[in-house]
Amino acid sequence: MFELLQEQLFQLALIAALLVGLCAPAVGTFIVQRRLALLGDGVGHIALTGVALGFLTGSAPVLTAVLVSIAGAVAIELVRARGRTSGDVALALMFYGGIAGGVMLMAIAPGGSNAKLNSYLFGAIASVTVEDIWVVAALAVAVLAVVLIFGRELFVLCQDEEMAKASGLPVRFLSLLIAVTAALTVVIAMRVVGLLLVSALMVIPVATSQQLTRGFRTTMGLAMLFGVLASVGGLLASTYSAKVPPGAAIVLLALAGFVLALGVGKFVRRGRTQESTLSERPKLRIEEVA
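Given the structure is predicted, the values throughout are model-derived calculations rather than measurements. Within every chain, residues take consecutive numbers counted from 1 along the sequence as written. Totals for whole chains, interfaces and linings use all residues, but because this is a predicted model, local features are given only for residues with pLDDT of at least 70 and pairs of side-chain atoms are given and counted only at 80 or more. Side-chain calculation: all heavy atoms of the structure are included, whereas hydrogens and water are not.

Some words on the overall build of the protein
Where we set the bar: Numbering of helices and strands runs from the N terminus, with a helix taken as a DSSP run of H or I at least four residues long and a strand as a DSSP run of E at least two residues long. Between buried and exposed lies partly exposed: a residue is buried under 20% and exposed over 50% of the maximum accessible area for its type, with that area taken using a 1.4 Å probe on protein chains only. Note on contacts: a residue pair is in contact if any heavy atoms of the two residues lie within 4.5 Å. Per-residue and other accessible areas were derived by the Shrake-Rupley procedure at a 1.4 Å probe size, with only the shown protein chains allowed to occlude residues.
When helices and strands are counted, the protein shows 12 helices and zero strands. Ordered by position in the sequence, the α and β elements of the protein form the string α-α-α-α-α-α-α-α-α-α-α-α. Each of the 290 residues in the protein was classed as buried or not, and the buried ones make up 44%. Considering only intrachain contacts with a sequence separation of at least 6, the fraction spanning at least 24 residues in the protein is 74%. Total accessible area computed for the protein in this model is approximately 14,600 Å², and 67% of it derives from carbon and sulfur atoms.

Describing the confidence of the model for the protein
For clarity, the cut-off: Scored from 0 to 100, pLDDT reflects the predictor's confidence in each residue.
Summing up the model confidence of the protein, the mean pLDDT is 78 and the portion of residues at 70 or higher is 83%. The lowest-confidence element of the protein is helix 1 (residues 2-5), averaging 55 in pLDDT; the highest-confidence one is helix 10 (residues 198-210), averaging 87. Below a pLDDT of 50 lies the segment residues 281-290, which in the model reaches zero contacts outside its immediate sequence neighbourhood of four places, other chains included.

Thoughts on a nonpolar patch on the surface
Short version of the rule: Like charges are joined within 9 Å and nonpolar side chains (Val, Leu, Ile, Met, Phe, Trp, Tyr) within 5 Å, but only among residues with over 30% relative accessible area and no salt bridge; these make up the patches. Whenever a carboxyl oxygen of Asp or Glu lies within 4 Å of a side-chain nitrogen of Lys or Arg, that contact is scored as a salt bridge.
On the surface, a nonpolar cluster with roughly 210 Å² of combined accessible area is contributed by I99, V103 and L196. Mapped onto the fold, V103 is located in helix 5 (residues 87-108).

A look at the packing of aromatic side chains
The test is simple: Aromatic pairs are defined between Phe, Tyr and Trp rings, using the six-membered ring for Trp, whenever the two ring centres lie within 6.5 Å; interplanar angles under 30 degrees are classed as stacked, those over 60 as edge-to-face, and all others as tilted.
Scanning the model with the defined rule gives three aromatic pairs in all. Aromatic pair F30 and F216: ring centres 5.4 Å apart, planes at 50°, arrangement tilted. Of this pair, F30 sits in helix 2 (residues 8-33) while F216 is found in helix 11 (residues 216-240), placing the two residues 186 residues apart along the sequence. On the basis of relative accessibility, which here comes to 4%, the residue F30 falls in the buried class. What makes F216 buried here is its relative accessible area of 17%. Taking 4.6 Å as the distance between ring centres and 55° as the angle between the ring planes, the aromatic pair formed by F155 and F216 counts as tilted. Of this pair, F155 sits in helix 7 (residues 130-159) while F216 sits in helix 11, placing them 61 residues apart in sequence.

What to know about helix 3 (residues 39-57)
Threshold: Expected span of a helix: the number of residues minus one, times 1.5 Å.
Helix length check: helix 3 (19 residues) gives 27 Å between terminal C-alpha atoms against 27 Å at 1.5 Å per residue, within 8%. G58 sits one or two positions beyond helix 3 and adopts a positive phi of about 75°.

Observations regarding the nonpolar core
The line we're drawing: In these notes, a set of buried Ala, Val, Leu, Ile, Met, Phe, Trp, Tyr and Cys residues joined through side-chain atoms within 4.5 Å is what counts as a nonpolar core.
Counting residues in hydrophobic clusters, the biggest one holds 75 residues, and the most contacted among them are I31, I188, M190 and M202. At 13 residues, the largest contribution of residues to this core is made by helix 2. Contact partners of I188, with chain neighbours within four places excluded, come to V20, C23, V136, L139, A140 and V143.

Concerning the packing of helix 7 against helix 9 (residues 171-189)
Rule in force here: A fitted line through C-alpha atoms represents every axis, and for helices the fit uses only the stretch in contact; the resulting angles, taken between N-to-C directions, go from 0 to 180 degrees. Crossing handedness is read from the near helix: turned anticlockwise from the far helix by less than a right angle, it gives a left-handed crossing, and turned clockwise, a right-handed one. Just so you know the grouping, Ala, Val, Leu, Ile, Met, Phe, Trp, Tyr, Cys and Pro go in nonpolar, Asp, Glu, Lys and Arg go in charged, and all remaining residues, Gly too, go in polar.
It is the contact of helix 7 with helix 9, at a shortest axis distance of 9 Å, that shows an interaxial angle of 145°. Regarding helix 7 and helix 9, the two cross each other, and that crossing is left-handed. Here V136, L139, A140, A142, V143, V146, F150, E153, L154, L157 and C158 of helix 7 lie close against helix 9, whose contacting residues are V171, F173, L174, S175, L177, I178, T181, L184, T185, V187 and I188. A breakdown of the residues in the contact of helix 7 with helix 9 according to their chemical character gives 18 nonpolar, three polar and one charged.

A short note on the packing of helix 10 against helix 11
Counted only if it meets this: Working rule for angles: under 35 degrees goes down as roughly parallel, over 145 as roughly antiparallel, 65 to 115 as roughly perpendicular, anything else as oblique.
As a packed pair, helix 10 and helix 11 sit with axes 8 Å apart at the nearest point and diverge in direction by 125°. Considering the angle they form, helix 10 stands oblique to helix 11. Here helix 10 and helix 11 pass one another in a crossing that is right-handed. Along the contact surface, helix 10 presents L201, P205, V206, T208, S209 and Q210, while helix 11 presents T218, T219, L222, A223, F226, G227 and S231. Per-class residue counts for the contact of helix 10 with helix 11 are six nonpolar, seven polar and no charged.

And the structure:
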């Protein structure tokens, strides 16, 4: 393990895994609370078009993916908010259009190939460069800054949109902020787990945390911890076994954590129920005697 830490390739991959493990569940907490768990998938498919556009124009695929995914996320939110099309239908339209646009643009891009597209679809953490880390780190700082600065307002919005409006909060701005932050998170994670699996890392750690705690801040903190453990664990699994894809390993570890938390959560809740029942019994007896 110590020898691995001295290798630059592993250091870069580890930094990327840590950043993704922190950001994805942090944003995912708001998305899950607002019942938009599939938003990450929709934005991920849109980002594929952005990646292909980068190869077509000779630009950096990460930067074009940022621009296209932000535009797509804003479009999804505007369509959903205006109510002309349901949220599920809006996401489905983005699914199909995003992946079809990505395949089409990659086919006509100079030097474009399915192999290059697959590295973004399923992740290629071993190919992360220093330049990629700087871009990912900048995006991660932006995402975490949004969570820290607007966390309270976003919580109110996700709990009850009508109450947020009554409280005078800028609901439209906050809704768009969630969408844009989700788009940035997708781009951050696409080199680690891939665009097809990024939504899993935004949702599964949050669902795992919800099995063990109730408070919003505690849920987010625990989800971020689970995200980091799954990301680093999947990276280590792929490092020690070349046959293990890192993206798939990360998601499967996250799922294993959810199954474990599901069992532990049921045991904890059962214990709380028994304690509350036992504490109530003496009061009932005293009232009966009186």
